[in-house]
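Topology and contacts: notes
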Amino acid sequence: MAKIPSVRSLLKQVLHLQESPQRTALAFAIGVFIGFSPAYGLHTVMVIVCAWAVRLNLLALMAGAYLNNPWTVVPILGATYWVGALLIGRSDNPTFDWHDLSFGAIYEQVMPYTLPFFLSRFVLSFLGAAVAYPLAYFFVAKYRQSHPPNQKPVRH
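Residues numbered from 1 in each chain as written. Predicted model: local features only at pLDDT ≥ 70, side-chain atom pairs only at ≥ 80, totals over all residues. Heavy atoms only, no water.

**Remarks on the overall build of the protein**
When helices and strands are tallied, the protein shows seven helices and zero strands. Ordering the α and β elements of the protein from the N terminus gives α-α-α-α-α-α-α. Looking at the 156 residues of the protein, the share that counts as buried comes to 32%. A separation of at least 24 residues holds for 74% of the contacts in the protein among residues at least 6 apart in sequence. For the protein, the exposed surface amounts to about 10600 Å²; the carbon and sulfur share of it is 72%. (Helix = DSSP H or I, 4+ residues; strand = E, 2+ residues; numbered from the N terminus. Buried < 20%, exposed > 50% of the residue type's maximum accessible area, 1.4 Å probe, protein only. Contact = heavy atoms within 4.5 Å. Areas by Shrake-Rupley, 256 points an atom, 1.4 Å probe, with all protein chains shown as cover.)

**Points about a nonpolar patch on the surface**
Together, L87, I88, L115 and L119 make up a nonpolar patch on the protein surface, roughly 340 Å² of accessible area in all. Contributions of two or more residues to the nonpolar patch are made by helix 5 (73-88) and helix 7 (114-146). Checked against the element boundaries, I88 lands in helix 5. (Patch = residues over 30% accessible without salt bridge, like charges linked within 9 Å, V, L, I, M, F, W, Y side chains within 5 Å. Salt bridge = Lys/Arg side-chain N within 4 Å of Asp/Glu carboxyl O.)

**Remarks on the packing of helix 3 (residues 43-54) against helix 4 (residues 58-65)**
Between helix 3 and helix 4, the least distance of the axes is 9 Å, while the angle of their chain directions is 150°. Here helix 3 lies roughly antiparallel to helix 4, going by the angle between them. Considering how the two elements wind past one another, helix 3 and helix 4 form a crossing that is right-handed. Contacts between helix 3 and helix 4 pair T44, V47, I48, C50 and A51 from the former with L58, L61, M62 and A65 from the latter. Among the residues forming the contact of helix 3 with helix 4, the class breakdown is eight nonpolar, one polar and no charged. (Axes fitted to C-alpha atoms, helices over the stretch in contact; angles between N-to-C directions. Parallel < 35°, antiparallel > 145°, perpendicular 65-115°, else oblique. Left-handed = near helix turned anticlockwise from the far one by under 90°. Nonpolar A, V, L, I, M, F, W, Y, C, P; charged D, E, K, R; others polar.)

**Notes on the confidence of the model for the protein**
Per-residue pLDDT for the protein averages 82, and the proportion of residues at 70 or more is 84%. Per-residue pLDDT, averaged within each element of the protein, yields its smallest value for helix 1 (residues 7-15) (64) and its largest for helix 2 (residues 21-36) (92). (pLDDT = per-residue confidence, 0-100.)

**Focus: unusual backbone geometry**
Backbone phi values are negative for most residues with the exception of glycine, while trans is the configuration of most peptide bonds. The backbone phi angle of R55 is positive, close to 60°, even though this residue is not glycine. Take R55: its relative accessible area is 57%, and that puts it in the exposed class.

**Here we look at the environment of S146**
Relative to the helices and strands, S146 is located in helix 7. For S146, a relative accessible area of 44% corresponds to the partly exposed category. Here Y143 takes part through its backbone oxygen, which lies 3.1 Å from a polar atom of the side chain of S146. (Polar contact = N/O pair within 3.5 Å; in protein donor to acceptor, adjacent residues only side chain to side chain.)

Here it is, written out as structure tokens:
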């Protein structure tokens, strides 16, 4: 049976990539941009295409993209609607009628919230990437400075 790698081991792999800290941080930041994009269901495809087209590291891209995951999706969606509502000057709270779950009823209930949702997803994508790049660069550069490539990593 295949063993699923832990988050810690994946992070160590990203920190030991054989590319510059700038390039690793760029891949991570683009991954964050993709993770916050409104293209749900296409994040993995977007990461693979980006890794292939721009020749960025797939592991660093995936690490950034999967900050948006099942554990973080609810707060991200809440923040997304809130930011979008602020951007377009909307002050109502979303409601949903659970009595009629037909496609037409769901469509009519969701459509008023799509503009704030998509607008804020792009804003949060840019902000997330803008924050992720310097943070990732700092941590990757600092880690590599304290753990040179010729030095074996210390096992804990």
